[in-house]
Amino acid sequence: MNPADNPKPSGATKRIADALSALVDGQTELVKNSRSAKRWRVGRIVLFGTLASIPVLTLLNKTASPAPIEEPYLSMVRLNGAIGPGEGVNAESTVPTLVKAFEDKGAKAVVLVINSPGGTPVQASLIHDRLLRLKKEHPNKPLVVIAEDTMASGAYFIGVAADKIVVNRSSIVGSVGVVSQQFGFTELMQKVGVENRTLTAGISKARMSPFAQTKPEDIEKMNVLLGQIHAHFKDVVREGRKDKLKAGDDKLFNGDIWVGEEAVKLGLADELGDLNTVVTSYGAKKVVEYSPQHNALAKLAKEFGLAVGEGAAKMMISGDVLPNLK
């Protein structure tokens, strides 16, 4: 039995992917060896000119279409990495794969393999809610979640939509809490002689700015927001796990984490196991994986450090606070 059998991409898709890979490798080498700004500009123009001649859109958010399989199988989707817009896991790229996995009439069940520390509450909620709707649309298609190294916070938010949660003995599970983190630079600014000249229209617009002293009313407001998001998280866990939970709110919902074995005892998960045990339990022989194709444009942006630069600029300039389920 080989639970990781995947459908092979079409010849056209493979050729396009190979071409993009070669272009990225060539551009990276060009940047390393560049001796002048002119050479860099020319290389960049050539790269994107070539990309424009390739039907790149056929690669974006495209899911594999498996060939018909006669022997029993399960459909599988993997969620790896942080959850959020532009991250490894987000609703835009994940939901289409989930829809295809549920619509596979030959699959005996849908398996969602999760390895994620969490992320933003809205993206986790969008994926969780769509899973619930898909379960209603396909009542005879069980949903099993398998936790690998980590299924914490926003990832657990998604996981509780399952009919069954399977964990490894050493998986990190739980973290039913919300956190908002940022830095303050006021004392440093005073030492180096930097003046804060932030102007706003609206007295609360610059709330929790890292360039101004924290106000009691700002902290109170943030605590209210975090409490509301936390309440949403707790409601989702209670609804998903129902009478399986075996401890009080003070223990289960304080943001703590547990290894898989303890998570089973607390009712946060159902049993110990892995992909092989799940496949066997349904009398299947293999799984068919539904996964988004790698976004070539995102890869290019990361190669040139654009994503890092943009994120740093937003953090330093806006001072906005984005809560995370971590």
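So, a few notes on the structure that sits alongside this text. (Residues numbered from 1 in each chain as written. Predicted model: local features only at pLDDT ≥ 70, side-chain atom pairs only at ≥ 80, totals over all residues. Heavy atoms only, no water.)

Let's shift gears to the overall build of the protein chain. Within the protein chain one finds twelve helices and eight strands. Taking all 326 residues of the protein chain together, the buried fraction comes to 38%. Contacts in the protein chain between residues at least 24 apart in sequence constitute 76% of all its contacts with a sequence separation of at least 6. Carbon and sulfur atoms make up 55% of the accessible area of the protein chain, which totals about 18200 Å². (Helix = DSSP H or I, 4+ residues; strand = E, 2+ residues; numbered from the N terminus. Buried < 20%, exposed > 50% of the residue type's maximum accessible area, 1.4 Å probe, protein only. Contact = heavy atoms within 4.5 Å. Areas by Shrake-Rupley, 256 points an atom, 1.4 Å probe, with all protein chains shown as cover.)

This paragraph deals with a nonpolar patch on the surface. Among the surface-exposed residues, Leu188, Val192 and Val194 lie close enough to one another that they form a single nonpolar patch of about 280 Å² accessible area. Of note, Leu188 is situated in helix H6 (residues 186-192). (Patch = residues over 30% accessible without salt bridge, like charges linked within 9 Å, V, L, I, M, F, W, Y side chains within 5 Å. Salt bridge = Lys/Arg side-chain N within 4 Å of Asp/Glu carboxyl O.)

Let us now look at unusual backbone geometry. Not every positive phi belongs to a glycine, and Ser175 is a case in point at roughly 60°. With respect to the helices, strands and loops of the structure, Ser175 is situated in the loop between strand E5 (172-174) and H6. In this structure Ser175 comes out as buried when scored by relative accessible area, which is 5%. A positive phi angle is found at Lys242, which is not glycine, with a value near 50°. Note on placement: Lys242 falls in the loop between helix H7 (216-241) and helix H8 (249-252). Residue classification places Lys242 among the exposed residues on the basis of a relative accessible area of 52%.

Summed over all chains, the structure comprises 13 salt bridges. The partner of Arg78 in a salt bridge is Glu289, with the nearest N and O atoms 3.9 Å apart. With Arg78 in strand E1 (residues 73-80) and Glu289 in strand E8 (residues 286-289), the pair connects residues that are 211 residues apart, well separated along the chain. The shortest N-O distance in the salt bridge between Arg207 and Asp218 comes to 3.1 Å. Within this pair, whereas Arg207 is found in the loop between H6 and H7, its partner Asp218 is found in helix H7, the two being separated by eleven residues in sequence. Relative accessible area serves as the criterion here: at 23%, Arg207 is assigned to the partly exposed category. Because the salt bridges share partners, they merge into one network encompassing Arg78, Glu148 and Glu289.

Another aspect to go through is helix H3 (residues 91-103). Taking 1.5 Å per residue as the helical rise, H3 with its 13 residues ought to reach 18 Å, and the 18 Å between its terminal C-alpha atoms agrees with that figure. Among the residues of H3, those classed as buried are Ala91, Ser93, Thr94, Val95, Thr97, Leu98, Val99, Ala101 and Phe102. Along its buried surface, H3 packs onto E1, strand E2 (107-116), helix H4 (121-137) and strand E3 (143-152). The N-cap residue of H3 is Asn90: its side-chain oxygen and the backbone nitrogen of Glu92 are 3.2 Å apart. (Expected span 1.5 Å × (residues − 1). Polar contact = N/O pair within 3.5 Å; in protein donor to acceptor, adjacent residues only side chain to side chain.)

For the rest of this paragraph, the subject is the pairing of E8. Along E8, one buried face is formed by Lys286 and Val288 and the opposite face, lined by Val287 and Glu289, is buried too. Summarising the sheet, E1 and E8 pair through four bridges and their orientation is parallel. Paired with Met76 across the two strands is Glu289, which belongs to E8. (Pairing = 2+ DSSP bridges.)

Before going further, it helps to spend a moment on the nonpolar core. Membership of the largest hydrophobic core comes to 48 residues, with the highest contact counts inside it found for Leu112, Leu131, Met151, Tyr156, Ile158 and Ile165. With six residues, the top contributor of residues to this core is H3. Residue contacts for Leu112: discarding those within four places in its chain leaves Val77, Leu79, Leu98, Leu131, Leu143, Val144, Val145, Ile146 and Ile158. Counting 13 residues, the second-largest nonpolar core is a separate cluster that includes Val111, Val166, Leu275 and Val287. (Core = buried A, V, L, I, M, F, W, Y, C linked by side-chain atoms within 4.5 Å.)

Note that all results are geometric; they support no functional claim without further evidence.
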